[in-house]
Structure formats: structure tokens, C-alpha cells
Amino acid sequence: MKRILVTGGTGYIGSHTCVSLLESGKEVYILDSLTNSNKTSIDKIKLIFSKRNIDISNKLHFFKGDLRDKEFIDSVFEKIKKQGNSIDGVIHFAGLKAVAESVNYPLQYWENNVIGSFNLFKSMLENNCKTIVFSSSATVYGNPKDELLKETADINPINTYGSTKFTVENLLKNIFETKTDKWNVAILRYFNPIGAHVSGLIGENPISKPNNIFPLIINAAYEKNKLKVFGNDWPTYDGTCIRDYIHVSDLAEGHLKALDFLFKNNNQLINLNIGTGKGYSVLDLIKTFETVNNVKVPFIFSNRRDGDSCKLIANNLKAKQLLSWYPLKSLEEMCLDGWRWKLMNPRGYS
Ligand code: NAD
Ligand code: UD1
């Protein structure tokens, strides 16, 4: 049985990935500062399994602490070692992710995302753990020329958040290139994860005010405040921007497949786009949400948002071919599951 350290495992994508890891029989060690998450997500993960009459209490562990503190990371490896176990691989989600905030607080973003990652990789090496899946983002492509993005597209981050992600990608590449240590690295560039676990027990629980479209659609439907749609004059079929929305549980499965790929193939460095390869406009998303959930999403059109791209869709062929990973869930399921999470947890985990 493989033992996996999941940094940021109580967060949105991390918690869904923990479910996938546990379903595949892995033992999970979460490391999280809880800066943007809630420990209740762990109880909810346990509940998902207890409802299936599966006891995972001795397979899911939690360490509260911050990646900026290397001694803390070392102590986690040490504690696991003292139990006679070792970590086989790491999935590294922990970090800050709000684009606008990153521009205003660059030092905070570089410290959390880059120094935190640096500490983690150093501690991994010292503990002879050299297999890692890293959460990157399509944001590293900046404002790309092509609308269907391949991994070989130009990298040109246009904000602090994107720069920190690309720096960590480069750090991993340099670490991989060393002759002495054989690392196994998967860099996953996510497109637009939305939705929630089908159980309605775990989902997105942003502590600060969300800027991404999906939690704002949910809030508009729930609170009846108007969503601002950023521009209706884009050169698309309905004038609104197009994105590649992916169900968070499909994204979670992508991590599991990437990790298993690394365990089966030694000394790999792979960069993969993780999206569905299908694009939907903002109006498509709003209308689908309204139809499947039988609710109204009040909205108004406003100006374009600075730095927005018209259309971003993943070319996901590499992930499909290499990992045999296929996104299975439709836009309808993303909207149904996201709304179920809201109705079952109107105030998130609090
Ligand atoms: P999230 O905020 O829900 O999860 C991140 C977790 O990391 C949180 O639980 C937070 O408490 C923890 N954390 C942050 N800084 C930490 C630190 N220094 N030490 C320890 N823990 C720390 O975010 P998410 O949406 O689940 O995103 C996970 C990862 O995926 C992030 O790295 C993010 O940049 C990346 N990503 C997210 C999206 C998206 O749309 N959600 C898109 C592309 C990439
Ligand atoms: C944003 C980030 C990107 C990050 C990604 C996933 C920017 C410029 N980019 O991308 O770095 O990797 O989230 O976390 O912030 N929209 C509205 N009204 C709103 C919010 C969004 O109309 O209030 C529209 C946007 O114009 C866009 C679509 O919804 O067309 C999706 O927006 P968003 O969820 O912010 O994701 P991205 O723009 O793809």
C-alpha cells in the first residue's frame, strides 16, 4: 500500500483528491495550515466512506502546519518514520491562488507558493522521497495566441500568481535534471475546476471573497444578488468568454492517474493540461445551472475584466494518451453537484 503526503489536502481540490486516493486504497497524510480551509472537510471525507460502510479512520491522517516552516515539514516525515512507515509520493496543492490578491501581495505569494515549495522539495530529498505531482495552472500560459492550448504553447504568466506557479515548475525541472537523484515529477496545469463531490459532503469553501465564476453563480442563485458578466462583446457565439470547465472529481482522478503513472515509470518529468477539451461560454454556464437546478441566476452585463482571455480550452490529448485519464462528468453534473453542495452546506463548513 502506497503512502501519500497531500499538502493542501483540506482545500477544495485537495479534499476531492484525498477521496480518490483513499478509494484506490492509498494511505493519506494531509499537511495543511488551514489558512484557506477547514478541518471539518476531513470529517466529511470520513463520512463519505462511513456511508459506504468503509472505515478509513486509520488511513487518513492530518498534520496542521505551514510549508513556510521547514522544521515542521521535517517533523512530519520524522513522525511517519517513527511509526515505521515512509512516504512514497507527494501531491502538492498547498498555496495561495487568488490572482488579484497576488498582484497586491506579491511577497506573501512568493513566500507561500515558492519558498513553501522549496522547503517541501528539500525535505522530500532529505527523506529520500522523490515522487511528486504538482498543482500548476493554465494561468502560466498568460494570454495565449492559440485557443486550444497544447502543453508546448508559449509560457508567459501575466500576474504574480502565474509567475509563482511557473517558478515552481522550473524549480521542479531543475531538480529533475540533476544526475544524482532520480526524481519523478508530474506538473498538472488545471483549467477551470468547478462542482463538488456527488455526495454533497465536500465542496468549495472559500474563506475569502471568491472571484471565480462558479462560486459567484452559486451565490447569485442563493442570495439573489446580481452576478456581473464581464463583457458581452467578445468575438464568440454569444459575446461572452469561453472556458474549459472541469468537474473537480474528474480533476481529482487525474491526480491519482498521474501518481500511479509515476509509480509505474521511473525518472519521468511530465507536463499535462488537465481540462475536458470542451469550451462553454459564461452564458452557457449560467443557463445550464438554471435549467438543471430549476433556479434563477440574476446577472447583468458589465465591462470586460482586465487581463481576461476570450477563449481558453485545453488540448488534453497528452493526458488522455499518457495516463488513460478521461474526464467523465458533464457540465450539467458540475452544476447539479455544485448546487447540491450549497443546499446541503449553505455556510460551507462553518
Ligand atoms: P484551496 O485554497 O481550497 O486549497 C489550498 C490549500 O492549501 C488550503 O487548504 C490552504 O489552507 C493550504 N495552504 C495554503 N498555503 C499553505 C501553506 N503555506 N502551508 C500549508 N498549507 C497551505 O485551493 P484549491 O482550489 O484547492 O487549489 C489547490 C491548488 O491548485 C493551489 O495550488 C492552486 O493554485 C491550484 N489551482 C487551483 C485552481 C482553481 O481554480 N481552484 C486552478 C488552477 C490551479
Ligand atoms: C482565472 C484566473 C486564472 C486562474 C483561473 C482558475 C484571472 C485573470 N485568471 O481564470 O489565473 O488559473 O481563474 O482559478 O483572474 N466571469 C464573469 N464574472 C465574474 C467572474 C468571472 O463574467 O464575476 C467570467 C470571466 O470573464 C471568464 C469566466 O467567467 O470568462 C471564468 O472566470 P474565472 O472563474 O475567473 O476563471 P478564468 O478567467 O479562466
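Structure shown above.
Residues numbered from 1 in each chain as written. Chains lettered and ligands numbered in written order. Predicted model: local features only at pLDDT ≥ 70, side-chain atom pairs only at ≥ 80, totals over all residues. Heavy atoms only, no water.

A. The arrangement of the layout of surface pockets in detail. Roughly 320 Å³ of volume is contained in the second largest pocket. In this structure, the second largest pocket is lined by 19 residues; those nearest its centre are Glu204, Pro206, Asn219, Trp341 and Lys342. When residues of the lining of the second largest pocket are traced back to their parent elements, those giving at least two are helix H7 (213-223) and helix H11 (331-344). With 6 residues, the single largest contributor to the lining of the second largest pocket is H7. (1 Å grid on protein atoms, 1.4 Å probe; cavity = no way out; pocket = protein on both sides within 12 Å on 5 of 7 lines; lining within 4 Å. Points joined across faces, edges and corners; volume = space filled by probe spheres on them. Helix = DSSP H or I, 4+ residues; strand = E, 2+ residues; numbered from the N terminus.)

B. The site of ligand 1, seen in detail. What surrounds ligand 1 is a group of 27 residues, the closest being Asp32, Ser37, Phe93, Asn112 and Tyr161. At a separation of 3.2 Å, a nitrogen atom of ligand 1 approaches a polar backbone atom of Ser33. Here Lys165 contributes a side-chain N or O atom positioned 2.8 Å from an oxygen atom of ligand 1. Contact with the protein chains covers 96% of the free accessible surface of ligand 1, which is 810 Å². At the level of secondary structure, the elements contributing two or more residues to the shell around ligand 1 comprise helix H1 (12-23), strand E5 (131-137) and helix H6 (160-177). Broken down by element, the shell around ligand 1 gets its largest block of residues, 3 residues, from E5. Along the lines of polarity and charge, the residues of the shell around ligand 1 split into 9 nonpolar, 14 polar and 4 charged. (Near = heavy atom within 4 Å. Polar contact = N/O pair within 3.5 Å; in protein donor to acceptor, adjacent residues only side chain to side chain. Areas by Shrake-Rupley, 256 points an atom, 1.4 Å probe, with all protein chains shown as cover. Nonpolar A, V, L, I, M, F, W, Y, C, P; charged D, E, K, R; others polar.)

C. Region of the structure containing the packing of aromatic side chains. Counted by the stated rule, this structure contains 6 aromatic pairs. A centroid spacing of 5.6 Å and a plane angle of 75° characterise the contact between Phe289 and Trp339, whose relative ring orientation is edge-to-face. Taken as a pair, Phe289 in helix H9 (residues 282-293) and Trp339 in helix H11 lie far apart in primary sequence, 50 residues in all. Joined through ring pairs, the aromatic side chains of Phe214, Tyr222, Phe289 and Trp339 make up one cluster. Residue placement shows Lys2 over the ring face of Phe263; its charged tip is 4.6 Å from the ring centre. We note Arg304 situated over the ring of Trp234; from NZ or CZ to the ring centre the distance is 3.9 Å. (Phe/Tyr/Trp six-rings, centres within 6.5 Å; stacked < 30°, edge-to-face > 60°. Lys NZ or Arg CZ within 6 Å of the ring centre and 35° of its normal.)

D. Local environment of the packing of H1 against helix H2 (residues 40-50). Running from amino to carboxyl end, H1 crosses H2 at an angle of 35°, the nearest separation of the two axes being 10 Å. Judged by the twist between their axes, the crossing of H1 over H2 is right-handed. Residues Ser15, Cys18, Val19, Leu22 and Glu23 of H1 form the contact with H2, whose participating residues are Ser41, Ile45, Ile48 and Phe49. Of the residues contributing to the contact of H1 with H2, the split by class is 6 nonpolar, 2 polar and 1 charged. (Axes fitted to C-alpha atoms, helices over the stretch in contact; angles between N-to-C directions. Left-handed = near helix turned anticlockwise from the far one by under 90°. Contact = heavy atoms within 4.5 Å.)

E. How the structure looks around the nonpolar core. Core analysis: the biggest nonpolar cluster contains 41 residues, and Leu21, Val28, Ile45, Leu60, Val133, Leu188 and Ile274 have the highest contact counts within it. Secondary-structure elements contributing two or more residues to this core are strand E1 (3-7), H1, strand E2 (27-32), H2, strand E7 (184-190), helix H8 (248-264), strand E12 (269-274) and helix H10 (317-323). The element that contributes the greatest number of residues to this core is H8, accounting for 7 residues. (Core = buried A, V, L, I, M, F, W, Y, C linked by side-chain atoms within 4.5 Å. Buried < 20%, exposed > 50% of the residue type's maximum accessible area, 1.4 Å probe, protein only.)

F. The arrangement of unusual backbone geometry in detail. The phi angle at Leu34 is positive, at roughly 65°, despite the residue not being glycine. Assignment of secondary structure puts Leu34 in the loop between E2 and H2. The phi dihedral of Lys224 is positive, around 65°, even though this residue is not glycine. Relative to the assigned elements, Lys224 resides in the loop between H7 and strand E9 (227-230). Residue Lys224 is classed as exposed on the basis of its relative accessible area of 52%.

G. Region of the structure containing the site of ligand 2. Around ligand 2, a shell composed of 17 residues is seen, among which Thr139, Lys228, Arg243, Arg305 and Asp308 lie nearest. Contact distances for ligand 2 include 2.8 Å between an oxygen atom and a side-chain N or O atom of Ser137. With respect to ligand 2, the backbone of Ile213 contributes an N or O atom lying 2.9 Å from an oxygen atom. Expressed as a share of its isolated accessible area of 740 Å², the protein-covered part of ligand 2 is 88%. When residues of the shell around ligand 2 are traced back to their parent elements, those giving at least two are H7 and E9. For the shell around ligand 2, the leading source of residues is E9, giving 3 residues. Classifying every residue of the shell around ligand 2 gives 8 nonpolar, 5 polar and 4 charged.

H. Seen up close, empty space enclosed by the protein. If you walk through the whole model with that rule in mind, you get 1 cavity of 30 Å³ or more. Considering only enclosed or pocket space, the largest cavity measures out at about 40 Å³ in volume. Lining the largest cavity we find His92, Ala94, Gly95, Asn113, Ser117, Phe134, Thr164, Lys165 and Val168. Counting residues per element, the lining of the largest cavity draws most heavily on H6, at 3 residues. Residue composition of the lining of the largest cavity, grouped by class: 3 nonpolar, 5 polar and 1 charged.

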